[in-house]
Amino acid sequence: MSQTDQINEEQMRQLREDLLDSLDEELELEIDDRWSDGSPSSAEAVNARVHYFRELLRLQSELVMLQDWVVKTGHRMVILFEGRDAAGKGGVIKRITQRLNPRVCRVAALPAPNDREKTQWYFQRYISHLPAAGEIVLFDRSWYNRAGVEKVMGFCTEDEYEEFFRSVPEFEKMLVRSGIQLVKYWFSITDDEQHARFLGRIHDPLKQWKLSPMDLESRRRWEDYTQAKETMIERTHIPEAPWWVVQAVDKKKARLNCIDHLLGQVPYHEIEHPEITLPGRVRNPDYIRHPVPQDMVVPEKY
């Protein structure tokens, strides 16, 4: 283990916070109550988390209302989430989709292109994931891979890179003209914060799968990625689909701010639903339930 991978007291504190953040959110408040030692700092932390969960649940209830409106009106929406590795894109995507219908709101997280896809028109493999009426699609990374990782890592030629910048504004204008609402977010973190989050992944067995060789290489090329990001935003920030930058050093604030902003981009309103009445169960006196063979039953260990 290199010297830079050593864990100090402050980093251990952050690792603990990240672990708590990864737990099921309904249980997290209870854990905070049990771990609180009554000191002012601990009580303050608990109060902050209570506020966070209250706001998150309120915003998620608004997202459900937005979902109903999208289905009712046939609205089509695409949301792009871009940013450095460990910037928190996955965390906000998870909170957005957590209480929504996956048939309405789905995530597109495409792997690296295969040999066949490399020969296609660059945007071709993304088009099949675009929404139909009454759908929302969240892209966990998108066609902007070409402006970021492909440029920095040398996975595209200079001609392909320049052609991307010639094409993408027209491609996005075409999407908007077709009736698709396109919202683009860039999650911004500092050099020190990414370093701390990478350490967290290295030392947490439940998160080590998140670290790929490409992620590790991105640490070394921080400045190259910065330059690529600045060029990308400068050349693709268009009125039809502007970029929105989310300050993401504080992950919880970033989630709330992003969801709140997203809700403000759509003129949704509450949709009236007919009252639901649970029907009575039909009972057949001739029906006899057959017992389940014991060797098919899952052992009750808990």
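Conventions adopted
- Residues numbered from 1 in each chain as written.
- Predicted model: local features only at pLDDT ≥ 70, side-chain atom pairs only at ≥ 80, totals over all residues.
- Heavy atoms only, no water.
- Axes fitted to C-alpha atoms, helices over the stretch in contact; angles between N-to-C directions.
- Helix = DSSP H or I, 4+ residues; strand = E, 2+ residues; numbered from the N terminus.
- Parallel < 35°, antiparallel > 145°, perpendicular 65-115°, else oblique.
- Left-handed = near helix turned anticlockwise from the far one by under 90°.
- Contact = heavy atoms within 4.5 Å.
- Pairing = 2+ DSSP bridges.
- Phe/Tyr/Trp six-rings, centres within 6.5 Å; stacked < 30°, edge-to-face > 60°.
- Buried < 20%, exposed > 50% of the residue type's maximum accessible area, 1.4 Å probe, protein only.
- Polar contact = N/O pair within 3.5 Å; in protein donor to acceptor, adjacent residues only side chain to side chain.
- Core = buried A, V, L, I, M, F, W, Y, C linked by side-chain atoms within 4.5 Å.
- Patch = residues over 30% accessible without salt bridge, like charges linked within 9 Å, V, L, I, M, F, W, Y side chains within 5 Å.
- Areas by Shrake-Rupley, 256 points an atom, 1.4 Å probe, with all protein chains shown as cover.
- Salt bridge = Lys/Arg side-chain N within 4 Å of Asp/Glu carboxyl O.

A. Examining the packing of helix α8 (residues 191-203) against helix α9 (residues 213-220) more closely. It is at 11 Å that the axes of α8 and α9 come closest, and there the two elements cross at 150°. Viewed along their axes, α8 and α9 adopt a mutual orientation that is roughly antiparallel. The way α8 lies across α9 gives a crossing that is left-handed. Every residue of α9 that contacts α8 at Asp191, Gln194, His195 and Phe198 is listed here: Asp215, Leu216, Ser218 and Arg219.

B. Region of interest: the sheet that holds strand β1 (residues 76-83). Spatial strand order, β2-β3-β1-β4-β5: 5 strands in an open sheet with parallel pairing. Each edge of the open sheet is held by one strand with a lone partner, namely β2 (105-108) and β5 (243-247). Each strand of the sheet is rotated relative to its neighbour by a mean of 25°, with strand direction disregarded. Examined bridge by bridge, β1 and strand β3 (residues 135-140) share 6 bridges and lie parallel to one another. Among the inter-strand pairings, Ile79 is bridged to a residue of β3, identified as Leu138. Contacting β1, β2, β3 and β4 (180-188), helix α4 (residues 89-97) runs over the sheet at an angle of about 155° to β1.

C. Structural detail: the packing of aromatic side chains. Summed over all chains, the structure comprises 18 aromatic pairs. Ring geometry for Trp143 against Phe171: centres 5.2 Å apart, planes inclined by 90°, an arrangement best described as edge-to-face. Here Trp143 is found in the loop between β3 and α6 (149-153), whereas its partner Phe171 is found in helix α7 (residues 158-177), with 28 residues between them in sequence. Comparing Trp143 with Phe171 shows no difference in burial state: the two are buried. Note on Tyr161 and Phe165: the rings are 4.9 Å apart at their centroids and 80° apart in plane angle, and the pair reads as edge-to-face.

D. Here's a closer look at the side chain of Asp85. By the element assignment, Asp85 lies in the loop between β1 and α4. Polar side-chain contacts of Asp85 include one of 2.8 Å to the side chain of Arg141. Apart from residues no more than four positions distant in its own chain, Asp85 is found in contact with Arg141, Ile189, Gln194, Phe198, Met214, Asp215 and Ser218.

E. Representation of the nonpolar core within the structure. Among the nonpolar cores identified, the biggest contains 34 residues, and Ile79, Phe81, Ile96, Tyr185 and Phe187 are the most heavily contacted of them. Among the elements of the structure, α3 (40-73), β1, α4, β3, β4 and α11 (251-263) are those that each provide at least two residues to this core. Considering each element in turn, this core owes the most residues, 8 residues, to α3. Grouped together as the second largest cluster of nonpolar side chains are 26 residues, Tyr144, Tyr161, Phe171 and Ala241 included.

F. Seen up close, a nonpolar patch on the surface. Among the surface-exposed residues, Val292, Met296 and Val297 lie close enough to one another that they form a single nonpolar patch of about 280 Å² accessible area. Mapped onto the elements, Val292 comes out in the segment after α11.

G. Looking closely at the pattern of salt bridges. All told, the structure shown has 15 salt bridges when counted by the stated rule. A salt bridge links Arg106 to Glu135; the nearest nitrogen and oxygen atoms lie 3.3 Å apart. Remark: Glu135 occurs in strand β3 and Arg106 occurs in strand β2; sequence separation between them is 29 residues. Given a relative accessible area of 18%, Glu135 falls into the buried group. For Glu117, the salt bridge goes to Arg125, with nearest N and O atoms at 3.6 Å. Judged by relative accessible area, Arg125 falls into the buried class, the value being 11%. Taken together, the shared-partner salt bridges connect Glu82, Asp85 and Arg141 into one network.

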